[in-house]
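The primary structure of each chain is shown beneath.
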Amino acid sequence: MEQTALMTEMGRDWDKFHASDIARKLPFFSRENRLHDCLFSQQFDRALLDYLFAVADRLRAVTQNKTGADTVSQLLAHKRAMLYFVQPSTRTFLSFLNACHILGLKTSEIRDTSTSSEMKGESPEDTVRTFSSYVDLIIMRHPTPGFVEKTAWFMNRIKRPVPVINGGSGKDQHPTQALLDVYTLHRSLPGGPEGKTIVMVGDLKRGRTVRSLSYLMKNYRGVKLVFVSPPQLRMEADILEFLQRHAIPYRETDDFASVMPEADAIYMTRIQDEHDQAEESKSLDLSRFHFRAQDLKVIKPNAIIMHPLPRRHEIEPVVDDDDRAVFWRQERNGMWIRAALISYIFGVDGQIPAPGKT
Amino acid sequence: MEQTALMTEMGRDWDKFHASDIARKLPFFSRENRLHDCLFSQQFDRALLDYLFAVADRLRAVTQNKTGADTVSQLLAHKRAMLYFVQPSTRTFLSFLNACHILGLKTSEIRDTSTSSEMKGESPEDTVRTFSSYVDLIIMRHPTPGFVEKTAWFMNRIKRPVPVINGGSGKDQHPTQALLDVYTLHRSLPGGPEGKTIVMVGDLKRGRTVRSLSYLMKNYRGVKLVFVSPPQLRMEADILEFLQRHAIPYRETDDFASVMPEADAIYMTRIQDEHDQAEESKSLDLSRFHFRAQDLKVIKPNAIIMHPLPRRHEIEPVVDDDDRAVFWRQERNGMWIRAALISYIFGVDGQIPAPGKT
Amino acid sequence: MEQTALMTEMGRDWDKFHASDIARKLPFFSRENRLHDCLFSQQFDRALLDYLFAVADRLRAVTQNKTGADTVSQLLAHKRAMLYFVQPSTRTFLSFLNACHILGLKTSEIRDTSTSSEMKGESPEDTVRTFSSYVDLIIMRHPTPGFVEKTAWFMNRIKRPVPVINGGSGKDQHPTQALLDVYTLHRSLPGGPEGKTIVMVGDLKRGRTVRSLSYLMKNYRGVKLVFVSPPQLRMEADILEFLQRHAIPYRETDDFASVMPEADAIYMTRIQDEHDQAEESKSLDLSRFHFRAQDLKVIKPNAIIMHPLPRRHEIEPVVDDDDRAVFWRQERNGMWIRAALISYIFGVDGQIPAPGKT
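So, how was this worked out
- Residues numbered from 1 in each chain as written.
- Chains lettered and ligands numbered in written order.
- Predicted model: local features only at pLDDT ≥ 70, side-chain atom pairs only at ≥ 80, totals over all residues.
- Helix = DSSP H or I, 4+ residues; strand = E, 2+ residues; numbered from the N terminus.
- Rg over C-alpha atoms; globule rule 2.2 N^0.38 Å.
- Buried ≥ 20, exposed ≤ 12 C-beta atoms within 10 Å, placed from the backbone.
- Core = buried A, V, L, I, M, F, W, Y, C linked by C-beta atoms within 7 Å.
- Contact = placed C-beta atoms within 7 Å.
- Nonpolar A, V, L, I, M, F, W, Y, C, P; charged D, E, K, R; others polar.
- Axes fitted to C-alpha atoms, helices over the stretch in contact; angles between N-to-C directions.
- Parallel < 35°, antiparallel > 145°, perpendicular 65-115°, else oblique.
- Left-handed = near helix turned anticlockwise from the far one by under 90°.
- Least-squares fit on C-alpha atoms with pLDDT ≥ 70 in both.
- Pairing = 2+ DSSP bridges.

A. Highlighting the overall build of chain A. Looking only at helices and strands, chain A has 13 helices and eleven strands in total. For 358 residues, the compact-globule estimate of 2.2 N^0.38 gives 21 Å, and chain A sits close to it at 21 Å. With the C-alpha coordinates of chain A rotated into their principal frame, the extents come out at 55 × 50 × 45 Å. Out of the 358 residues in chain A, the part that is buried amounts to 49%.

B. Layout of the nonpolar core. Ranked by internal contacts, the top residues of the largest apolar core, which has 298 residues, are Ile 266 of chain A, Ile 266 of chain B together with Ile 266 of chain C. The contacts of Ile 266 of chain A, once residues within four sequence positions are left out, are Val 199, Val 201, Phe 291, Ile 299, Ala 303, Ile 305 and Met 306 of chain A.

C. Summary view of the interface of chain C and chain B. Counting from both sides, the interface comprises 23 residues of chain C and, opposite them, 21 residues of chain B. Elements that contribute at least two residues to the side of chain C that touches chain B include exactly α5 (66–72), α6 (91–103) and α13 (327–345) of chain C. A per-element tally of the side of chain C that touches chain B places α6 of chain C first, with six residues. Here the side of chain C that touches chain B is built from residues that sort into eight nonpolar, five polar and ten charged.

D. A look at the environment of Arg 270 of chain C. Residues and elements named next belong to chain C. Locating Arg 270 in the fold gives a position in the loop between β10 (265–268) and β11 (304–306). For Arg 270, a count of 23 C-beta atoms within 10 Å translates into the label buried. Each C-alpha atom, one on Arg 270 and one on Val 201, is 8.7 Å from the other, the two residues being 69 residues apart in sequence. Apart from the residues lying within four places of it in its own chain, the contact partners of Arg 270 are Gly 202, Asp 203, Arg 311, Arg 312 and Glu 314.

E. A look at the packing of helix α9 (residues 175–188) of chain A against helix α13 (residues 327–345) of chain A. Residue and element names in this part refer to chain A. Following both chains from N to C, one finds α9 and α13 inclined at 115°, their axes separated by 8 Å at the closest point. In terms of orientation, α9 lies roughly perpendicular with respect to α13. Handedness of the α9/α13 crossing: right-handed. Of the residues in α13, those in contact with Thr 176, Leu 179, Leu 180, Tyr 183, Thr 184, Arg 187 and Ser 188 of α9 are Arg 329, Gln 330, Asn 333, Gly 334, Ile 337, Arg 338 and Leu 341. Each residue belonging to the contact of α9 with α13 can be placed in one class, and the counts come to five nonpolar, six polar and three charged.

F. Quick look at the relation of the copies chain B and chain A. Aligned on chain A, chain B shows an RMSD of 0.0 Å; the corresponding rotation is 120° and the shift along the axis is 0.0 Å. Here the two chains are linked by the operation of a three-fold rotation axis. For chain B, the residue whose C-alpha comes nearest the rotation axis is Lys 106 of chain B, separated from it by 5.5 Å.

G. Layout of helix α7 (residues 124–134) of chain C. Burial of α7 of chain C is extensive: nine of the eleven residues sit out of reach of the surface. For α7 of chain C, the secondary structure elements touched by its buried residues are α6 (91–103) and α13 of chain A together with β3 (80–85), β4 (106–110), β5 (137–142) and α8 (147–155) of chain C.

H. Highlighting the pairing of strand β7 (residues 197–201) of chain C. Residues and elements named next belong to chain C. The buried fraction of β7 is high, at four of five residues. Here β7 runs beside strand β8 (residues 224–228); their pairing, made up of five bridges, is parallel. Paired with Thr 197 across the two strands is Lys 224, which belongs to β8. The pairing of β7 with β10 spans four bridges and is classified as parallel. Paired with Val 199 across the bridge in β10 is Ile 266.

Shown next as structure tokens:
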């Protein structure tokens, strides 16, 4: 009852809602103790992470044979999803699209606003509501910060609420990327992230993946973080304060070579010069933040090398042949964890058969 | 036999066919007393309207649960549709696409001629025939007046005729929009349109939706029409003559406020300045033809407010929260009535299970 | 074992591989005596051609009724395909897409690099590997000569090899077009191509379809070829030498009218001025290489007229009504033979039910 009252109140005024603390917002995007919308990486606690990882593991195992794959592709065969990707994206789009197809969801795509009614002067809110008229799930990437959240907020006000999944909004949130990154740490590191040293390299200032990943480390005991970047691209203060508050040890350096030997996981990132306004990155010598074939001799035998992809020159292609290079598996993990998330949102996660039981 | 002879004759010469009276054309687009192609709103008589509404009602009811939805999605799982939308369209495209998916049709999309063989100098007729080679149904929107009709005419001449559904051609015909509008009157007005006063507002001169809707009112007894527009954008003479001929009372005014209280249905439209050649609409004060929150106090308690969408400023967004604002339901009705139409064209309408029987 | 060693060696160095003789490459793209990738028309020998034709015949026959079509659409319902078409293409794209849908494959499309990560500076190899992460089959058309081959070569090196089908690469290879052309000769000529006179007309110099088709004629006894073109657009020397080596009789002429009466099959082609660098074709009188209604009186009663489409003015539209004009059936054959090829690559060709057995 209390939550309902809160939701009613916060549901009336977007500006008030938007300015609220994230903890106050979260109940608004859940129903019956289950995520209804996936908007922020803050929505994932340890129990939910572990559960979704188990669902993803089960999905990929049971779909190894045709019988299992056919069963899974019936789970949501009665549902339809809309992928509304206004910004260019290959990998996130395809990952979601194929996650939908694994579960049997029928899909519609809007990937380009030039084919859209927005040309006729329609408001973005009306456009999204139109999409919701035809489907049961909206997955969206949008350049306007906060617009995905606003969509979910808005959808929860109307009579036919349709779940919204954030496929990347502005430069702030990309929760399913965070999810697949932690899932990769969970799968590829023996014992998962606990007690491990995770080295993040590159543009830590603007890379939303390293920000989310740092945040989610609060869910694991004994994690040590090392941030490797040029001085101009250091991790922002808000994350550092968060880590201090949660007693997660970290240190910062611009000497990548010196920290390689202690890393359990190395998370490489691209310098995102499409977000670069001052053009500062162009004058940097970035080669010191690259991972080369010769570095394979230096890192631990069980270390893993991650990258959210796409890469430019951060990792030499020959590194891909080493078993410790897990970034291609990381990419594929994204499809499975997204399928797990969608099955969970629709409440069919309990119907995924155990491997060998089909 | 006679019809066959007529069809043979008219099938030879497009110009002769095109210039014929519409009544003479209709048999050409039917087979075994059933629509084969859906091109004109003149193809719908009262019996067919009522039947399609019943099919749409049954489809939406039976698909409420998974068993029903799964059954329906098998009905046309062996068929493939092509959506050929050369003009920008979000809503009509998505509505048809999801209607296909509800019935299990596999879909192909061409939404942009730049990816097309038209670049290689192919004729439009060859392009469409190519599409027909791969699919069992063509749904098309095309800017060239008469081209959708020509496509259907042409398809009926070849050995592998594929049904054609008009998703909007030029500024003249958009029959499934007319269908969903009448379906909305049928669903949302107690007793349907009969005996009701329907007020149409905005650009009546160029809006094809209000033209088709006016035409279809001949199927209902006791309907009164009120046309509200600036003098420059009055309903065209051909429709007014049609109404006189069928003894359907109408009147024209530019005073929206004065007619609000008597309306059972208010059909708002956008000023279509993308069709505006003389730029006359820019100099008009359109605010007198808008519906505002305060107007909700004036209209009947059971009145309904419709809009073909997208809207600009014709209806204040806060109006959406009122139960009498049915335009979002109208949009969704479009998907269901299109699914009903497609199931009817393929003759599987009789196989839709009754709700509760799956 | 030997093949494995060879593959290991050739798998290391793309440049060495690429420069190898095609016969040495072929084993690299097969697994367990079955095509794994379809890249070159040289991969088809007579036994494989005949087998694929039989599979295609069976597919089209069994899918005539719903039960058969439903069965076939379950065969690969657990698989996902990516259609990566960087170059404009309507017909090949739709043909493959619907071939996938016939077999139940779920599909993802990339038809425009502007939505792609290539914008973010990713290498083409990484882009393609990303696609492979999400799907079980890649069908691609790419303007860069050799890139489709390189993709398949690369995919076979990694741990999760995904079959690659060439949908047209540069101006050299388009093996499924060759396949559908021979399939059309097989279906539409009584007794197939053996002992027949095949007349190829138009731009023989740059048309890859006529080049592949000429090559594949080595699989049939008694074929005679006649090449009809302007002197500037004669068949290239490599194909003529190939024909001499295999004792396939041919002759060249620029007098189309003189050879019409002896043709069993006339293969018309378009002057591909999009490949035209010297603009030489604009100064040619091409009308002598067109097929007109009056020519129907001259050709044999059982002759067939083919065209890879799209056409411009090479064939008068009224010719389409003649039963000997098989180019629309040829187009449709493309969808069926591609479905056959895909079913074969996945090894489900043996599971297609015989007509009447569903």
